[in-house]
Amino acid sequence: MAALLKKRALAEYSQVIQEQPKPLKKLRLVKKLISGSSAAAYVGLLEKSKTSNDALQVLLRISDSLKFQEEDLADVVKKLAEHFQQENESVVRAKILSLFGDIGKEPGADIQSIIEEIIQLLKKEESHKVIAQGISALLRLGKLLPDNVSVHQKLVLVAKQYLTDTSHYVKCKCLELIGELLPVGGNSESSAQTVMRHVGDYTRSEEARVRSAAFRTMLTVHERGSKLDSSVYSEVCLALKDDYEIVRQVALKLVWVLGQTYPENTITLAESEEEIRLVDDAFAKVCLMINDLSMRVRTLAAQFLGTMTLVSPKFLQQTLDKKLMSNMRKKFSAHERAWESVTSGEWASGKKWGDDAPRELMDADSVSLMSSGSCGAFVHGLEDEYQEVRNASVDSLCSLSLNNPQFAQMSLDFLVDMFNDEIEDVRLKAIDSLTKISKYTVLREDQLETILGALKDFSIDVREGLHKMLSACRLSSKGCLQMCVESLLDNLKKYPMDRRSTWRCLQRIGQAHPELTLPLVPELLAIHPFFDTPEPDVEDPSYICILILVFNAAQHCPTMLQLFEEHTLKHYSYLRDTMPNLVPALRLDGSRRSAELVSVETGTAQFLDSILARMEAAPNPRIREELLEAAQRDLTRLATIDSAVAGAAQFSALYIGSQLLMGKLLSNRLWANPSTLATQQGSIIRNSITQLLQHCLKLQHLFVGLKEEDLAAVKQFKLKALALQFVYIVRASNSSALAVCEHFLEQVEDTQRYLSEQGLQPEPFTASVFKEMGQLEDTKPGPVARTVLPLLQVSSPAPPPPPNIAVRMSTAVITEPTGEVDAALKFTAGLVVGVPLDAELCNVRNTATLRVKVKYPDQQTQLIVPKRSDFRPMLLSDSEGNNVTSDTSDTDFRLLTTVLVSHQVWTEACTIDVSLALDLTDVESGLGLGTGLASRKGIGAGIAKTDGDPCVIDLCKPVKVYVSPKPVKRGI
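Residues numbered from 1 in each chain as written. Predicted model: local features only at pLDDT ≥ 70, side-chain atom pairs only at ≥ 80, totals over all residues. Heavy atoms only, no water.

A. Representation of the sheet that holds strand 12 (residues 871-873). A sheet is described by the order of its strands in space; here 4 strands give the open sequence 7-9-15-12, paired in antiparallel fashion. Among the strands making up the open sheet, the edge pair consists of strand 7 (811-816) and strand 12. Mean inter-strand twist for the sheet, computed between neighbouring axes without regard to direction, equals 25°. Examined bridge by bridge, strand 12 and strand 15 (residues 893-901) share 3 bridges and lie antiparallel to one another. Each bridged residue has a counterpart across the sheet, and for Phe871 the counterpart in strand 15 is Leu895. (Pairing = 2+ DSSP bridges. Helix = DSSP H or I, 4+ residues; strand = E, 2+ residues; numbered from the N terminus. Axes fitted to C-alpha atoms, helices over the stretch in contact; angles between N-to-C directions.)

Quick look at the structure:
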């Protein structure tokens, strides 16, 4: 019996029960009320509100959740209009009218019916605020119908009706509506002129805001295409003397517009029979406003002066001379003065007190200032107490000088005087303006002395701006050149970090002044006709400056070559090899070789194609691997030889090196073996995977100019590297794989999306990953790793993408610090010391990822985020010294910043490594092998990093800086 029960129990437990597959559950999503239906519900609540405050709260909720269904719009407008008629509080009624303007923007809204409703509601309205809000709503709705002329005409008639309102706010809104919606052009032009005459009546209103709005309406209508009549000029000129700033500002704009629109019209002066051009009189009026009480008006006037290029030269030249007028009166000839004496009578009549007073005592206010309107305008603008006015005056002076060479020569002294301004921005603007007009000017010694005095400025921007200006200007004499060279050399001793800018400046000066340099060569090079002088040190920056100046002048003056001594020619050869961009090629006579460059066809592009083509014909994997190694060596060498194909060669070499590293990892089966977890082989494999991931990031982020095919190849190779990293972490590591798995799946999705958008076919490994991931239901690390492992084991390397000559590699060159200073920077331990950093960045797409990398002797590494203002676009200079934006201005920058260094006490001074790197941690958030990061504290904060982080890509070799933290001195 016991045996039978045991058999029956075993049978029950061993029985296989096959369940039928359960049908998938369908989720029933409850559709929430959308904002449109909730807004309509709020409109229903409006009827139940008992007080005006409750109604206002409901209206505010409607405004916040404004989105209606198309079929509800008519009912909503009707309910709002009914509540408007029942509401006693003006604030609520104004809010309802504002809602009408918002409802008109909804799709399907009947804008014309809403306009009609607003017009009907305003007929019985008495509140000024509500009427003004209604006019504002009509303006917003009218703009939604830009082509409906009949509606615009109707709205303009409504606005004209309410112009009789006593409130200035209503009048201003009506004038604004007329300016924006008045039909102009075609058949509407005559009616528009009639309306504008009506608007002109309000320019004499008692309220300043109404006068300003009327003038602003005239300006708006003019900008929309209906030209103002020149007859309004006299009335606008009277408004320049208005007591209120807002009126004078708009009137000044109108004077400028009329002067630009009718430049050749003639007008008669008020107290004279003289006729002048309208643009000249407008220019004089604008010049008068330079002395306005308001800073804004003065700034606006100074800005307008630079755009009035049609003014007569005599008026233009008056702006730089305060003493043109004698006692504020126009000068008459002797004949005119005699005729005036005869016609006026010899004796006083005695009927009026003081009618025989001497003319010299005449009150200045009784004299017409028209003739002296432009007198000294720029002098006043450049001496203004506000920086904004001075900046605008310098800009206008530069703009007018570019169109008038004679005026440029006259304005030179005034621009030079601005170099002593107390504000750095004004000094920089004056320097830049003088650089632009340098082709029309020649500097005298007194002017040059003032300019060179500004070289002592502490600001590096001012000093480098002066270097660019001096390289663009022409000097008048040999003394000027000698003074310039001596000042630049003295400045170089005080600011050694300016040497590159000084070298470029002297290069331009030598090219532009060979005839002035020739008589100075014996003095500059210390050449004596009888005695041998000691050979200067070719590494001395001052001596290099002199050589750059002389060699560039000798390029255009062959007789100068005969003055060079033997050591000067040796120094020329040295500098020609080390600084080819600063030292030109000179044709040396006699037995010496010619240094002139000859351009030859290198054929490196064809050689690059042949290197990559050889790998495709490899018969077996072993020979293919040898060809890849040889190709990597050849491409690396080719990148250093020919800069034209350097980017393409570096990209291909890095891609091939990454493939070789991937092949070595896949051929070693230990990468998926759990037994290698604590062995030395496991550490080697982990470091190799980190290096492989860094290569992938370099391929993706370190090159610009990649084609879609190149980027697709990089993304697919990166996907393969991430798959290898993911399988290694799951199979042969004890680290958590959740974040890495998520990042891998995101990369799969991103790669698939990119290939489909570009219409590119995936590689075999990528296609198999897409297929398997699409069929995978469980996306936990274990199942995903088991799916990817066999795909990696059978994968084959993909061919490198074809070479692309347009590819360029991101690089950085640190020019300051140089790493050659022997004296240590001493600072108190625990505090900070600033190390100036000057670097040139080439082909950097995203400056937000750039970091200053500081490595201390204790192997601690910090990444410092530079400020956005520290990046400046690289500007090239043309032959005239003007700044020209390069073709790569969006990827080439100059970094000027200060690196903050801090550490605890050291026993002796040591060197720290300062370099530039790209931090891709934010871009590749799921990448990494468990490296810990410190929290980011903001701009300039130090971010601790480990040396093996694949997300940090170095852009240049580190520069060593000698520092010495000293202990804190204790007081007695």
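B. Spotlight on the packing of aromatic side chains. Scanning all chains against the criterion turns up 8 aromatic pairs. Look at Trp256 and Phe304: their rings are 4.8 Å apart centre to centre, the planes differ by 5°, and that puts the pair in the stacked class. Residue Trp256 is found in helix 13 (residues 245-261), and its partner Phe304 is found in helix 15 (residues 295-305); the two are separated by 48 residues along the sequence. Judged by relative accessible area, which is 11%, Phe304 ranks as buried. Both rings, one in Phe726 and one in Phe744, keep their centres 5.7 Å apart while their planes meet at 10°; by these two values the pair is stacked. (Phe/Tyr/Trp six-rings, centres within 6.5 Å; stacked < 30°, edge-to-face > 60°. Buried < 20%, exposed > 50% of the residue type's maximum accessible area, 1.4 Å probe, protein only.)

C. Just empty space enclosed by the protein, in detail. All told, the structure shown has 2 cavities of 30 Å³ or more when counted by the stated rule. The computed volume of the largest cavity comes to approximately 40 Å³. The dominant element in the lining of the largest cavity, judged by the number of residues it contributes, is helix 32 (residues 646-667), at 3 residues. For the lining of the largest cavity, the residue count by class is 6 nonpolar, 2 polar and 1 charged. (1 Å grid on protein atoms, 1.4 Å probe; cavity = no way out; pocket = protein on both sides within 12 Å on 5 of 7 lines; lining within 4 Å. Points joined across faces, edges and corners; volume = space filled by probe spheres on them. Nonpolar A, V, L, I, M, F, W, Y, C, P; charged D, E, K, R; others polar.)

D. Layout of the environment of Val158. Looking at the element boundaries, Val158 is found in helix 8 (residues 149-162). Each C-alpha atom of the pair Val158 and Ile178 lies 9.7 Å from the other, and the pair is 20 residues apart in sequence. Sequence-distant contacts of Val158, that is, excluding residues within four places in its chain, are made with Ile119, Ile135 and Leu138. (Contact = heavy atoms within 4.5 Å.)

E. Layout of the nonpolar core. Membership of the largest hydrophobic core comes to 174 residues, with the highest contact counts inside it found for Phe100, Leu138, Leu470 and Phe564. Element by element, the count of residues in this core is highest for helix 28 (residues 541-554), at 11 residues. Counting residues domain by domain, this core receives three or more from each of domain 1 (228-327 + 370-438) and domain 2 (441-585). Formed by 81 residues, the second largest nonpolar core is a distinct cluster that contains Val714, Cys741, Val852 and Val899. (Core = buried A, V, L, I, M, F, W, Y, C linked by side-chain atoms within 4.5 Å. Domains from an automatic or database assignment.)

F. Expanded view of helix 10 (residues 189-200). In this model, helix 10 (12 residues) spans 16 Å end to end at C-alpha, consistent with the 16 Å of a helix rising 1.5 Å per residue. Along helix 10, the positions that sit buried rather than exposed are Ala192, Val195, Met196, Val199 and Gly200. Seen end-on, helix 10 carries its buried residues on one side only, within an arc spanning 145°. Away from its buried face by more than 90 degrees, helix 10 exposes Ser190 and Arg197. (Expected span 1.5 Å × (residues − 1). Arc of directions from axis to C-beta.)

G. Summary view of the packing of helix 34 (residues 708-732) against helix 35 (residues 738-758). Where helix 34 contacts helix 35, the two axes come as close as 10 Å, and the packing angle between them is 160°. Put simply, helix 34 runs roughly antiparallel to helix 35. With respect to the hand of their crossing, helix 34 and helix 35 are arranged in left-handed fashion. Residues Glu708, Leu711, Ala712, Lys715, Gln716, Lys718, Leu719, Leu722, Ala723, Gln725, Phe726 and Ile729 of helix 34 form the contact with helix 35, whose participating residues are Val740, Cys741, His743, Phe744, Gln747, Val748, Asp750, Thr751, Tyr754, Leu755 and Gln758. Classifying every residue of the contact of helix 34 with helix 35 by side-chain character gives 13 nonpolar, 6 polar and 4 charged. (Parallel < 35°, antiparallel > 145°, perpendicular 65-115°, else oblique. Left-handed = near helix turned anticlockwise from the far one by under 90°.)

H. Layout of the pairing of strand 11 (residues 861-864). The pairing of strand 10 (residues 850-855) with strand 11 spans 4 bridges and is antiparallel. If you follow Val854 over to strand 11, its bridge partner there is Gln862. The antiparallel pairing of strand 10 with strand 11 creates a hairpin that spans 5 residues between the two strands, and Gln859 there sits at a positive phi of about 70°.

I. The side chain of Thr751, seen in detail. In this fold, Thr751 is placed in helix 35. A residue is classified by how much of its surface remains accessible, and Thr751, at 1% relative accessible area, is buried. In this structure, Thr751 is in contact with Lys715, Gln716, Thr766 and Phe770, ignoring residues within four places of it in sequence.

J. A look at the confidence of the model for the protein. On average, the protein scores 81 in pLDDT, and the residues at 70 or more come to 82%. Within the model, pLDDT remains below 50 along residues 4-19, and this stretch shows 0 contacts once partners closer than five positions in the same chain are excluded. (pLDDT = per-residue confidence, 0-100.)

K. Looking closely at the pattern of salt bridges. The tally for this structure, following the rule as stated, stands at 33 salt bridges. Its salt-bridge partner being Asp446, residue Arg444 comes within 3.2 Å of it at the nearest N-O pair. Given the relative accessible area of 44%, Asp446 is considered partly exposed. Across the pair Arg753 and Asp750 runs a salt bridge whose closest N-O atoms are separated by 3.6 Å. Here Arg753 pairs with Asp750, and both are found in helix 35, just 3 residues apart, close to one helical turn. Among the ionic contacts, a cluster of salt bridges with common partners joins Lys715, Glu749, Asp750 and Arg753. (Salt bridge = Lys/Arg side-chain N within 4 Å of Asp/Glu carboxyl O.)

L. Quick look at helix 37 (residues 781-793). Counted at 1.5 Å a residue, the expected span for helix 37 with its 13 residues is 18 Å, and the 18 Å between its end C-alpha atoms agrees. Buried residues of helix 37: Pro781, Pro783, Val784, Ala785, Thr787, Val788, Leu789, Leu791 and Leu792, and no others. Elements that come into contact with the buried residues of helix 37 comprise helix 32, helix 34, helix 35 and helix 36 (764-775).

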